[in-house]
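Residue-level structure breakdown
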Amino acid sequence: MKFFIDTANLNQIKEAQDLGVLDGVTTNPSLMAKEGITGDENIINHYKAICEIVDDNVSAEVIATDYEGIVKEGEALAALNPKIVVKVPMIKEGLKAIKYFSSKGIRTNCTLIFSPAQALLAAKAGATYVSPFLGRLDDISTDGLTLIEDIRLIFDNYGYETQILAASIRGPLHIVACAKIGADVITAPLSAITGLLKHPLTDNGLATFLADHAKASGK
Ligand code: E4P
């Protein structure tokens, strides 16, 4: 299972990279705005800076919503660095652009997936990744994990190579649930990734080991 971090914050990306378990980064226009990154040139430079930190898989989202615009923006983003994956929204024009990018060998992440039907279409168009947003479904009292399960079943039925990138993850339990279902990738905030480390029995056990060692050593 691949781990991506869902942020545009360079310090958090570095911290996750230093953990040694990071496979990529997802950003979106809201995450860029949260970091105060505005203006085309700054946004481009920010993507380049992210590519310097991680080994691969930097999702960069297009802003255009028409086919020509998506293709133009996506090609420019892909040309920045071979690590870039062009993030395209699940709309009709986006679907056509994904097909085009796929024919050109440009990797894509089809974002804002909220139904198995949308994931099936994106896979048929040749998306590298589909991003079902499970947390946002949970937020409206709809089981986001069922969506991941349904997409897994459909992709396995037909052997689609498109990878399921579980997005909008809210915490460590979401990550574990996605792993049990067989999502290929999760993208999560740093807190959800580091949350996987934690267990009170580990902390208590270590405290006892260290205390016993100190006592036995006469310290
Ligand atoms: C996916 O790539 C998105 O950036 C992200 O996971 C959205 O998550 P949110 O629902 O926490 O905004």
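Because the structure is a prediction, the values reported are computed rather than measured. (Residues numbered from 1 in each chain as written. Predicted model: local features only at pLDDT ≥ 70, side-chain atom pairs only at ≥ 80, totals over all residues. Heavy atoms only, no water.)

A word on the packing of helix H4 (residues 67-80) against helix H5 (residues 92-103). It is at 9 Å that the axes of H4 and H5 come closest, and there the two elements cross at 45°. When the axes of H4 and H5 are compared, the pair comes out oblique. Between H4 and H5 lies a crossing of right-handed hand. Judged by residue contacts, Tyr67, Ile70, Val71, Gly74 and Glu75 of H4 engage Glu93, Gly94, Lys96, Ala97, Tyr100 and Phe101 from H5. For the contact of H4 with H5, the per-class residue count stands at six nonpolar, two polar and three charged. (Axes fitted to C-alpha atoms, helices over the stretch in contact; angles between N-to-C directions. Helix = DSSP H or I, 4+ residues; strand = E, 2+ residues; numbered from the N terminus. Parallel < 35°, antiparallel > 145°, perpendicular 65-115°, else oblique. Left-handed = near helix turned anticlockwise from the far one by under 90°. Contact = heavy atoms within 4.5 Å. Nonpolar A, V, L, I, M, F, W, Y, C, P; charged D, E, K, R; others polar.)

This structure, assessed with the given rule, holds six salt bridges. A salt bridge links Lys96 to Glu93, with the nearest nitrogen and oxygen atoms 3.2 Å apart. Here Lys96 and its partner Glu93 are both found in helix H5, three residues apart, which amounts to about one turn of the helix. What makes Lys96 partly exposed here is its relative accessible area of 42%. Look at Glu93 and you get partly exposed, because its relative accessible area is 23%. (Salt bridge = Lys/Arg side-chain N within 4 Å of Asp/Glu carboxyl O. Buried < 20%, exposed > 50% of the residue type's maximum accessible area, 1.4 Å probe, protein only.)

With that settled, the discussion passes to the side chain of Thr108. Position of Thr108 relative to the elements: it lies in strand S5 (residues 108-113). When sequence neighbours within four positions are dropped, the list of residues in contact with Thr108 reads Val85, Val86, Ile98, Phe101, Gly126, Ala127, Thr128 and Tyr129.

This brings us to the layout of surface pockets. Here the largest pocket is characterised by a volume of approximately 370 Å³. Surrounding the largest pocket, 21 residues form its lining, Asp6, Asn28, Leu31, Arg170 and Pro189 being those nearest its centre. At three residues, the largest contribution of residues to the lining of the largest pocket is made by helix H2 (residues 29-34). Looking at side-chain class alone, the lining of the largest pocket contains five nonpolar, 10 polar and six charged residues. Considered as a void within the structure, the second largest pocket measures approximately 310 Å³ in volume. Forming the boundary of the second largest pocket are 15 residues, of which Asp40, Ile43, Glu61, Ile63 and Glu73 lie nearest the centre. (1 Å grid on protein atoms, 1.4 Å probe; cavity = no way out; pocket = protein on both sides within 12 Å on 5 of 7 lines; lining within 4 Å. Points joined across faces, edges and corners; volume = space filled by probe spheres on them.)

Moving on to H4. Taking 1.5 Å per residue as the helical rise, H4 with its 14 residues ought to reach 20 Å, and the 20 Å between its terminal C-alpha atoms agrees with that figure. Turning to H4, its buried residues are Gly69, Ile70, Val71, Gly74 and Leu77. In this structure, the buried residues of H4 make contact with helix H3 (40-53), strand S3 (58-61), strand S4 (84-89) and H5. (Expected span 1.5 Å × (residues − 1).)

Neighbouring residues of the ligand: Asp6, Thr26, Asn28, Leu31, Lys87, Phe133, Arg136, Ala167, Ser168 and Arg170. At a separation of 2.7 Å, an oxygen atom of the ligand approaches a polar side-chain atom of Asp6. Between the ligand and Lys87, the relevant distance is 2.7 Å, taken from an oxygen atom to a side-chain nitrogen or oxygen of the residue. Burial of the ligand by the protein chains amounts to 84% of its free accessible area of 340 Å². In this structure, the ligand is accommodated by the largest pocket. Broken down by class, the residue content of the shell around the ligand amounts to three nonpolar, three polar and four charged. (Near = heavy atom within 4 Å. Polar contact = N/O pair within 3.5 Å; in protein donor to acceptor, adjacent residues only side chain to side chain. Areas by Shrake-Rupley, 256 points an atom, 1.4 Å probe, with all protein chains shown as cover. Sits in = over half its atoms within 2 Å of the grid points.)

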